[in-house]
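Summary of structural features
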Amino acid sequence: QAQEDPFVLRGQELLLQGEYAAALEAFEEARQEATELTDSDRTQIWLGLCQLHVEQGDWTAAKQVAKAAVAELPNVARIWALQAEMQYLTGEYDAAARSVKEALDRDSQEPRSVLIYAHLLLAAGRTLEAIDQYRWFVRYYNRVQPTDAETLVTIGEGAAQYARLKSVSAVFKFIVNTLCVDALKDQPDYWPATLLSGQLLMEKYNRAQALPEFKAILAKQPHNAAALTAMGELEFAEFRLQTAENFADQALEHNPHYPPALRLKADLALLADDHELARPFVDRALAVNPADQLTLARKVTCDLLSDGVPEADQLMSLLNNLTRPEKWGELRESRFGTTVEQLVEHNPHPGPFLSDVGQLLEARRRFAAAELFYSAAIDRMPELSQPQTALGLLYMRTGRVDEAKSILDAAFDVDPFHVRVSNMRKLIDVLNTYVTIESDHFIIHCDSSEQALGQEMSAYLENIYTELTERFDYEPPTRTHFEIYCDAKDQNAHAWFSTRMSGLPWVQTIGASTGMIVALTSPQKTQKKFNWARVLKHEFVHVLTLQKTGFNMPHWYTEALAVTNEDRELPDEWYDLLLRRVPAGEVFNLSSINLGFQRPKTPDDWTMAYCQSLMYARYFTKTFGDDALARLTEAYRRNPQTSVALPKAFGVSVEEIEAGYSKYLNDLTAQLAIGRMPAAPKLDAARQAVAEHPERADAHGELAYALIARRQVEEGLAAAKTAHDLDESEPISATFLARVEFGKGDAQAALLLLQPALDEENPHHLLLETLADIAIEQKQPELAIEVLKAAIEKYPLELDVLKKYVQALSAAKRPSEEIRPHLETLAKRDIDDVASRKALAMMALRENDWATALEWGNQALFIDTLDVQLQRLVAHAAAQLKQSERSIQAFAVLDTLEELDDADRLQWGLQLKANGQQKRAAEEWRKIPRDSTQFQRAQTEIKLLDP
């Protein structure tokens, strides 16, 4: 036996450890040193030599080894199977068929031969015959009960294909829990068993169980291309795209011709809207196997995106007549048609090809075309579950929930282990419990407990509908669905929202649109309240622009339009990002900005991509006119390539645009720097300054600041102590030491430290902030006002300083006239700040300024919809202004919240009457009880109604 020869055994061990050079040496030594090698020993040597070339991507050498093996062992079936496998994996299907026949003629029960034969049948479109051969593995296992690792994994591969094509979910469980486990009992380092188990789990989107399998392989063999690629595919499935690319790059570093890794790189490029970047990876994969359906799917997708996805009727003429090219019309002469024709000549039922093209187009939001490809895959290969599941998930993305449910229910019946299917079915159950709030242009789905929120959202959307549809010159053909997710079934609101968008329980945002429907986490269920009106407007702009252009615009530009139409100031954290990253050159350009959304290396990348998208839009408008964005939108509708669309819209090259934008961004950042507090010093520079000038207190103070800003507090305070010892007027050290005393509760000691360091003419910003905090804490608002006013004058763009200033003004009971402008600035700067808006509304109410009270009340309700005080304010202010519809709406929310008092109900009736709803008005007045002070007025109003 092979295991009895120590050199062969050593070669196998080294191969499983990824030690290819040492394995090659061991196998060669076995051939030279062993005096009597059995055919089994020789077979294992040839298998090992071939495999080590495959794992390094040297397909030419692998095929040469297989050919030499056949010459040496022409009567061994396993050797013929080896040659057949190399030919199959490199697309030489006819040669592979001849080799597998030789193998089966010698041993019809040799598992690897049967597996390659089944694969070849499937690749030729002979699906029923292939299924019969895959079923052989189940029977063979039951009959023979093999125990060696290689045979068990081969059986697992064949049985898994049988389970996929016949929807026998129990077989998957048996492979993972029995076959792969037994294979590892035979050979603990036999990583193909672990890989198979992980891949089957990943296939069902079971990340939690798949991840440890791949990690186990990499722990022993960190350069294993198959495991690295599997890790990348796992990350890709959950949209961790940068991590996915890192794994793909690592895989290709060790196996530059590994088709799955090359396909993953292509998929990453396609998802980033760059089909030209995808092409080289597709070409490299086709060089290995020009007939592989999955690789051809990527080639066709690149061609379709480059040449233009055909209209639905053209696609249908091709997909409904796959084996009759004469019916394809002009598509037959296209790159797409040429590839399909060549494929169907060999395989008239290319289900995996059609399904993958559908998925790749769906990822690029070509929903109509994706549906046609899925349908064609189902028609041509009904045994394949993947396109059926994908079609159900596509229907969910496009809002066709009822159609999705029937497909996903059927998919779950045959495959209950598919996590995304299971999650989406649970979500449909939750969605079906929601109430619907219908209006002329929208349908809101929300939990019954949040009906009041849904009513407010519906009214807001109708209010902005005309403005936005006229701005973009487009109206959706059907009402747009908005789904507001709440906590349910032991899962929080954000998890349900995430499931809605991805089938998995986490995505980064709180709201998202597929271009067809919009979903968001309920603003009542997030840790921090947010301005839902901003989010709804943002997402509805996506619906308009994506549908108007046929989903034909890059990600960054969809965000540019959406953020531009939020009509808000730059968020405070965007100031910091620009000030930090622009001077450092850490900015995106038009070639890289999509990566900030799709594979951010840090959370800042994602935020910076949004910020820069807005900056591009503002630059275009400033430079090319008020209609610049409309012109660019139309250019993208005609051609989604930025290199074509921008010159078409603006008449200048992309290079000129980038140069102008760079200057615009630098100028803007320089302006922002004037109004913001300076950032903490660079740590390396601060250390160097101390080393060069240890006698200078300011150097030690800067070092303290740099250290504490990086949370190296103990070392930072030591530097502060040194600075203070050198000069007690050094402001940074005095500030940090004062903070320590203040934290201990000794405000007096803190003030004593600060006083010598306070420069009246040019006070340090850290010292001002600390002095203000102490004054506020010590209930000395006048001192706080004095200090904060100086800070605001010096740093007008510091939002936190402004908030503290307003707090101090209020604590000092300064008049409304003094506080109001600062509150207005605060509200303008922070779109999610409810406190400033509510304060402004209440101020206006006290002054009987109904219009202003209503304006700020409405804005505050966008953030805290269920605030009863605000709803009541809006209801009565709108009534005073004779805006009966708005008043009625607010009273209805109070009623939904069960917070309507008798005075409210009387006024509600009056507004209903003014709105022509006399019957409803009477109904409300009759609800006022006899013992109420409002009863007599209500009865009088009833009598005054028209008979």
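Quick summary incoming for the structure in this document. (Residues numbered from 1 in each chain as written. Predicted model: local features only at pLDDT ≥ 70, side-chain atom pairs only at ≥ 80, totals over all residues. Heavy atoms only, no water.)

So, about the pairing of strand E1 (residues 435–438). Side-chain positions along a regular strand alternate between the two faces of the sheet. Bridge count between E1 and strand E2 (residues 442–446): 4 bridges; the pairing is antiparallel. Pairing of Thr 436 across the sheet is with His 445, part of E2. In this structure, the hairpin formed by E1 and E2 is closed by a connection of 3 residues. (Pairing = 2+ DSSP bridges. Helix = DSSP H or I, 4+ residues; strand = E, 2+ residues; numbered from the N terminus.)

A cluster of acidic residues, Asp 759, Glu 760, Glu 761 and Glu 786, forms a negative patch on the protein surface. Inspection of the secondary structure puts Asp 759 in the loop between helix H39 (747–754) and helix H40 (765–777). A relative accessible area of 38% means that Asp 759 is categorised as partly exposed. (Patch = residues over 30% accessible without salt bridge, like charges linked within 9 Å, V, L, I, M, F, W, Y side chains within 5 Å. Areas by Shrake-Rupley, 256 points an atom, 1.4 Å probe, with all protein chains shown as cover. Salt bridge = Lys/Arg side-chain N within 4 Å of Asp/Glu carboxyl O. Lys, Arg positive; Asp, Glu negative; His and termini not counted. Charge placed at Lys NZ, Arg CZ, Asp CG, Glu CD. Buried < 20%, exposed > 50% of the residue type's maximum accessible area, 1.4 Å probe, protein only.)

Time to look at the packing of helix H29 (residues 572–584) against helix H34 (residues 654–675). Between H29 and H34, the shortest axis-to-axis distance is 9 Å and the interhelical angle comes to 125°. Overall, the two elements H29 and H34 adopt an arrangement that is oblique. Crossing of H29 against H34: the hand is left-handed. Between H29, through Tyr 575, Leu 578, Leu 579, Val 582 and Pro 583, and H34, the contact on the second element is made entirely by Leu 665, Asn 666, Leu 668, Thr 669, Leu 672 and Ala 673. (Axes fitted to C-alpha atoms, helices over the stretch in contact; angles between N-to-C directions. Parallel < 35°, antiparallel > 145°, perpendicular 65-115°, else oblique. Left-handed = near helix turned anticlockwise from the far one by under 90°. Contact = heavy atoms within 4.5 Å.)

A word on unusual backbone geometry. Its identity as a non-glycine residue notwithstanding, Arg 365 has a phi of 65°, on the positive side. Here Arg 365 lies in the loop between helix H20 (351–363) and helix H21 (367–380). Arg 365 gets classed as buried once you look at its relative accessible area, which sits at 14%. Non-glycine residue Asp 490 carries a positive phi angle of around 60°. By secondary structure assignment, the location of Asp 490 is in the loop between strand E3 (480–485) and helix H26 (493–502).

Another point: the packing of aromatic side chains. One pass over the structure, following the stated rule, counts 29 aromatic pairs. Seen in terms of ring centroids, Tyr 141 and Phe 174 are 5.3 Å apart; in terms of plane orientation they differ by 70°. Their pairing is edge-to-face. Placement of the pair is Tyr 141 in helix H8 (residues 127–144) and Phe 174 in helix H10 (residues 169–186), with a sequence separation of 33 residues. A residue is classified by how much of its surface remains accessible, and Tyr 141, at 11% relative accessible area, is buried. For Phe 174, a relative accessible area of 32% corresponds to the partly exposed category. Three or more aromatic residues joined by ring pairs make a cluster, and in this case those are Trp 556, Tyr 557, Tyr 616, Tyr 619, Phe 620, Phe 624, Tyr 636, Phe 650, Tyr 661 and Tyr 664. Here the basic side chain of Lys 204 rests over the ring of Phe 172, its NZ or CZ set 3.9 Å away from the ring centre. In this arrangement the basic side chain of Arg 568 is found over the ring face of Trp 574, its NZ or CZ atom lying 5.6 Å from the centre. (Phe/Tyr/Trp six-rings, centres within 6.5 Å; stacked < 30°, edge-to-face > 60°. Lys NZ or Arg CZ within 6 Å of the ring centre and 35° of its normal.)

All right, on to the pattern of salt bridges then. Side chains that carry opposite charge are capable of pairing whenever their charged atoms lie near each other. Per the stated rule, a full pass over the model turns up 74 salt bridges. With its nearest N and O atoms 2.7 Å apart, the salt bridge here joins Glu 847 to Arg 820. Taken together, the positions of Glu 847 in the loop between helix H44 (834–846) and helix H45 (850–861) and Arg 820 in helix H43 (residues 816–829) put the pair 27 residues apart, joining distant regions of the chain. Each of Glu 276, Arg 279, Lys 299, Asp 303, Asp 307 and Arg 335 takes part in a single network of salt bridges with overlapping partners.

Next up on the list: the environment of Cys 486. Tracing the sequence through the fold places Cys 486 in the loop between E3 and H26. In this structure the C-alpha to C-alpha distance between Cys 486 and Leu 520, which are 34 residues apart in sequence, comes to 9.3 Å.

In contact at an axis separation of 11 Å, helix H22 (residues 386–397) and helix H24 (residues 419–431) are set at 35° when each is read in the N-to-C sense. You can see that H22 and H24 cross each other, and the crossing is left-handed. Listed contacts from H24 to Thr 389, Leu 393 and Met 396 of H22 are Val 421, Met 424, Leu 427 and Ile 428. A class-by-class count of the residues in the contact of H22 with H24 yields 6 nonpolar, 1 polar and no charged. (Nonpolar A, V, L, I, M, F, W, Y, C, P; charged D, E, K, R; others polar.)

Given a rise of 1.5 Å per residue, 18 residues ought to cover 26 Å, and the 26 Å separating the end C-alpha atoms of H10 matches this to within 8%. The largest bend along H10 reaches roughly 40° and is located at Ile 175. Along H10, the residues classified as buried are Ser 169, Val 171, Phe 172, Ile 175, Val 176, Leu 179, Cys 180 and Ala 183. Check the buried side of H10 and you find it contacts H8, helix H9 (149–166), helix H11 (191–203) and helix H23 (401–414). (Expected span 1.5 Å × (residues − 1). Bend = angle between axes of the 7 residues up to and from the residue.)

The next subject is the nonpolar core. In this structure, Trp 556 and Phe 620 are the most contacted members of the largest nonpolar core, which totals 194 residues. Considering each element in turn, this core owes the most residues, 12 residues, to helix H31 (residues 603–624). Counting 84 residues, the second largest nonpolar core, distinct from the first, contains Ala 747, Ala 784, Leu 870 and Val 874. (Core = buried A, V, L, I, M, F, W, Y, C linked by side-chain atoms within 4.5 Å.)

The 5 strands are arranged E1-E2-E3-E5-E4 in an open sheet whose pairing can be described as mixed. A strand with exactly one partner marks an edge of an open sheet, and here the two such strands are E1 and strand E4 (511–513). The average angle at which neighbouring strand axes cross in this sheet is 15°, direction not considered. Two strands pair when backbone bridges link them, and E2 and E3 are joined in this way by 5 bridges, in the parallel orientation. Counted as the bridge partner of Cys 446 is Ile 484 from E3.

Note that all results are geometric; they support no functional claim without further evidence.
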